[in-house]
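# Close look at the chain arrangement
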Amino acid sequence: MNVTLPLVFVLGVGAWAVVRFLNIRIWVAVVIGLFGFYLANTFLAPIIDGTTRSGVDVINTTQQK
């Protein structure tokens, strides 16, 4: 049985858990999120995207074996 989850959903749940259980202040999470938006507009965006896709592919192929 295959279950697919969007990566943004998994990261959102992780961010919620960090804010909720590690007592991270909301403004810190907002600053980190804004940093992500600014980083997406730089020359590093394709590198980050490729690395993320490679990591997800590794996880997917590991689970299929």
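Our subject is the structure listed above.
Residues numbered from 1 in each chain as written. Predicted model: local features only at pLDDT ≥ 70, side-chain atom pairs only at ≥ 80, totals over all residues. Heavy atoms only, no water.

### As for the layout of surface pockets
To keep it simple, the criterion reads: Any residue with an atom within 4 Å of a point lines the site, the site being either a cavity, points on a 1 Å grid over the protein atoms alone where a 1.4 Å probe fits but cannot get out, or a pocket, an open set with protein on both sides within 12 Å along at least 5 of 7 lines. Grid points are joined across faces, edges and corners, and a volume is the space filled by probe spheres set on the points. Going along the chain from the N terminus, every DSSP run of H or I of four or more residues is numbered as a helix, and every run of E of two or more is numbered as a strand.
Quantified by volume, the second largest pocket comes out at close to 240 Å³. Lining the second largest pocket are Leu7, Val8, Leu11, Gly36, Leu39, Ala40, Ala45, Ile48, Asp49 and Thr52. Those elements that place two or more of their residues in the lining of the second largest pocket are helix 1 (7-21), helix 2 (26-40) and helix 3 (45-64).

### A few points about the pattern of salt bridges
Put simply, the rule is: Salt bridges, as used here, are contacts in which a Lys or Arg side-chain nitrogen is within 4 Å of a carboxyl oxygen on Asp or Glu. Residue exposure (1.4 Å probe, protein chains only): buried if accessible area is under 20% of the type maximum, exposed if over 50%, otherwise partly exposed.
Counted under the stated rule, the structure contains 1 salt bridge. Where Asp49 meets Arg53, a salt bridge forms, and the shortest distance between an N and an O atom there is 3.1 Å. Of this pair, Asp49 and Arg53 both sit in helix 3, 4 residues apart, which is roughly one turn of the helix. In this structure Asp49 comes out as partly exposed when scored by relative accessible area, which is 37%.

### Quick look at the packing of aromatic side chains
So the rule is basically this: Pairing of aromatic side chains requires ring centres within 6.5 Å, counting the rings of Phe and Tyr and the six-membered ring of Trp. Pairs whose planes differ by under 30 degrees are stacked, by over 60 edge-to-face, and all others tilted.
The final tally for this structure, using the stated rule, is 1 aromatic pair. Centroid distance Trp16 to Phe21: 5.7 Å. Interplanar angle 85 degrees. Geometry classified as edge-to-face. There is no split in this pair, since Trp16 and Phe21 are both exposed.

### Examining a nonpolar patch on the surface
For the record, the criterion: Each patch is built from salt-bridge-free residues with over 30% relative accessible area, joining like charges within 9 Å and nonpolar side chains (Val, Leu, Ile, Met, Phe, Trp, Tyr) within 5 Å. Computed by Shrake-Rupley with a 1.4 Å probe, the accessible areas treat only the displayed protein chains as cover when residues are assessed.
A cluster of nonpolar residues, Leu5, Leu7, Val8, Phe9, Val10, Leu11, Val13 and Val56, forms a patch on the protein surface that exposes about 730 Å² of accessible area. At 6 residues, the largest contribution of residues to the nonpolar patch is made by helix 1. Tracing the backbone through its elements, the reader meets Val13 in helix 1. When its relative accessible area of 41% is taken as the criterion, Val13 is described as partly exposed.

### A few points about helix 1
Under the convention used in this document: Here the expected span of a helix is defined as 1.5 Å times the quantity of residues minus one.
A rise of 1.5 Å per residue sets the reference length of helix 1, with its 15 residues, at 21 Å; its end C-alpha atoms lie 21 Å apart and thus fit the reference within 8%. Downstream of helix 1 by a residue or two, Asn23 has a phi angle that is positive, lying close to 55 degrees.

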